[in-house]
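Working through the structure, step by step
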Amino acid sequence: MLLLLTRTSLPWHATLQGCEIDTNSSAGFAQALTAAGRADVIVVVLGLITCQERGPQCQEAEAHDRVSIGMPGQQLNLLQQLVTSSNGSAAELVLVLMSGSGVSVPFAAHNVDTIIQHFYPGEEGGSGLADVLFGAIAPAGRMPVSVPAKPSQLASYLDMHMDHKPGRTHRYFDSTEAGEMLWGFGYGMTTTEFQYSGLSVNKTATAVVASVRLTNTGNRTSDEVCQVYSELATNRGLAASPPLQELQAFQRVAQVAPGASVSLWFEVPLKQLELMDMAGKLRVLPGSYTIWVGGRAPTGKERRNSGRIHTVTIHRGRASPMGAPHRPLSTSFVIDGDDADGEGL
């Protein structure tokens, strides 16, 4: 664990290790907390480490599963004490998570000013992280996995059915009983805010065509990743339960200036909506489909209550520089027996 501390008013910084990745020692806590008390900005680097062979500090590797979805060792304890210390000052606290898979940090999600999921970035990772921290670029990455808030949201590893509760991956995960994921697939933030409007969806003989208007309502130039998801409302005629949502298209829109608007257009071939029927044949089934378009996937609550609009934030009550992704827009269309691939049901 590395702790980087700086003062903006003085030419001072400190870099030190507060604890090991996976031990029970807290010997470095006192030094870390003392230095944090002098800092205006605290950057805490926590997470996991990969390895080619098993060892005392190996969390993830080939043929080596993790035993916890959280941070190992004393990392959470140190972070909690740093949050308590920084609450008594004006210091900004930034958490950088290093890992190859998702790490569940619900405490950090509600108590840290900014969280950067850095994964294992390679040899230029330090330069890229510095560009983000010092504002040279506006980050616009999206999560390639869903991160659970608690272990009960994970399906049993003895059950390989995708649709058995609570469901595997963002396609089948059902939050009705399990609760929302900490961060869902496709989630990401940037240093500005984007608004989606004017969603229009039309169905042709061969495709579903969606258009939407994207506006940068913040004060910084940034990229945005617009995503299109589909949902089939019925499982009638299917060999298994349909996915609750499927990513159908996405587009990264580069360098949208403050106040600027961009019109986006997506064409999803009907063949891409194919699912397996009771006869084991892939085809487009007739029924009611919902299309979601936005900067992230819809949450389970949004799918169940499409009229409610809200935003999601991950800061602890201070004015955060990160723009929260708004609820995706949605609309529905119907595929009847004549449009479907094969005979109607």
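Described in the following lines is the structure provided in the data block. These numbers were taken from a predicted model, which means no experiment stands behind them. Each chain carries its own residue numbering, running from 1 in the written order of its sequence. Residue-level local features of this predicted model are given only where pLDDT is at least 70; pairs of side-chain atoms are given and counted only at 80 or more, and the full residue set underlies all totals for whole chains, interfaces and linings. Side-chain calculation: all heavy atoms of the structure are included, whereas hydrogens and water are not.

**A short note on the overall build of the chain**
- A run of H or I in DSSP becomes a helix once it reaches four residues, and a run of E becomes a strand once it reaches two; helices and strands are each numbered from the N terminus. A tally of regular secondary structure across the chain gives 7 helices and 14 strands.
- Evaluated residue by residue, the chain yields a buried proportion of 45% over its 345 residues.
- Should any heavy atoms of two residues lie within 4.5 Å, those residues are counted as being in contact. Pairs at least 24 residues apart make up 70% of the contacts formed inside the chain by residues separated by at least 6 positions.
- Values of accessible area rely on a 1.4 Å probe in the Shrake-Rupley scheme; residue burial ignores everything except the protein chains shown. In the form shown here, the chain has an accessible surface area of approximately 17,200 Å², with 53% of it arising from carbon and sulfur atoms. Throughout this description, buried means an accessible area under 20% of the type-specific maximum (1.4 Å probe, protein chains only), exposed means over 50%, and partly exposed covers the range between.

**With respect to the pattern of salt bridges**
- Whenever a carboxyl oxygen of Asp or Glu lies within 4 Å of a side-chain nitrogen of Lys or Arg, that contact is scored as a salt bridge. One pass over the structure, following the stated rule, counts 7 salt bridges.
- Note that glutamate 246 and arginine 171 form a salt bridge whose closest N and O atoms lie 2.9 Å from each other. Note that glutamate 246 is positioned in strand E9 (residues 246-256) and arginine 171 in helix H5 (residues 169-172), a separation of 75 residues in sequence.
- Between arginine 283 and aspartate 277 there is a salt bridge, and its shortest N-O distance comes to 2.8 Å.
- Judged by its relative accessible area of 6%, arginine 283 is buried.

**Regarding a nonpolar patch on the surface**
- Patches here: salt-bridge-free residues with over 30% relative accessible area, like charges joined within 9 Å, nonpolar side chains (Val, Leu, Ile, Met, Phe, Trp, Tyr) joined within 5 Å. Residues Tyr157, Leu158 and Met160 make up a contiguous nonpolar surface patch of roughly 450 Å² in combined accessible area.
- Here leucine 158 shows up in the loop between helix H4 (125-133) and H5.

**Description of the environment of asparagine 216**
- Along the chain, asparagine 216 falls in strand E7 (residues 207-216).
- Between the alpha carbons of asparagine 216 and tyrosine 196 there is a distance of 9.1 Å; along the sequence they are 20 residues apart.
- Here asparagine 216 is in contact with Thr192, Glu193, Phe194, Thr221, Ser222, Val256, Ala257, Pro258, Gly259 and Ala260, once residues within four sequence places are set aside.
- From its side chain, asparagine 216 meets the backbone nitrogen of glycine 218 in a polar contact 3.0 Å long. Distance and chemistry together define a polar contact, namely a pair of N or O atoms within 3.5 Å, with one atom able to donate a hydrogen and the other to accept it when in protein, and with adjacent residues in sequence counting only for side-chain atoms on both sides.

**Some points on the pairing of strand E8 (residues 222-232)**
- When you tally the buried positions in E8, you get 11 out of 11 residues, the bulk of the element.
- Relative to E9, E8 runs antiparallel, the two being bridged by 8 bridges. Pairing of valine 225 across the sheet is with arginine 252, part of E9.
- DSSP-based pairing: two strands are paired if at least 2 bridges between them are found. Relative to strand E13 (residues 287-294), E8 is paired through 6 bridges, and the arrangement is antiparallel. The residue bridging glutamate 231 from the neighbouring strand is threonine 290, located in E13.

**Digging into the nonpolar core**
- Throughout, nonpolar core names a set of buried Ala, Val, Leu, Ile, Met, Phe, Trp, Tyr and Cys residues whose side chains join them through atoms within 4.5 Å. In this structure, Leu79, Leu95, Val105, Val112 and Trp183 are the most contacted members of the largest nonpolar core, which totals 33 residues.
- Of all the secondary structure elements, the ones that give two or more residues to this core are strand E2 (12-17), helix H1 (29-36), strand E3 (41-47), helix H2 (75-87), strand E4 (92-98) and helix H3 (106-111).
- In this structure, leucine 79 is in contact with Leu46, Met71, Leu93, Leu95, Phe107, Ala108 and Val112, ignoring residues within four places of it in sequence.
- With 27 residues, the next largest nonpolar core counts Val212, Leu214, Leu275 and Tyr289 among its residues.

**Describing the sheet that holds E7**
- Read across the open sheet, the 3 strands follow the order E6-E7-E10; overall the sheet is antiparallel. Of all the strands in the sheet, the pair left with one neighbour each is strand E6 (194-203) and strand E10 (261-269). The sheet shows a mean angle of 20° between the axes of neighbouring strands, taken without regard to direction.
- When E6 meets E7, the two strands line up antiparallel, connected through 8 bridges. Where helices are involved, their axes are fitted lines through C-alpha atoms of the stretch in contact, as for all axes, and angles between N-to-C directions lie from 0 to 180°.

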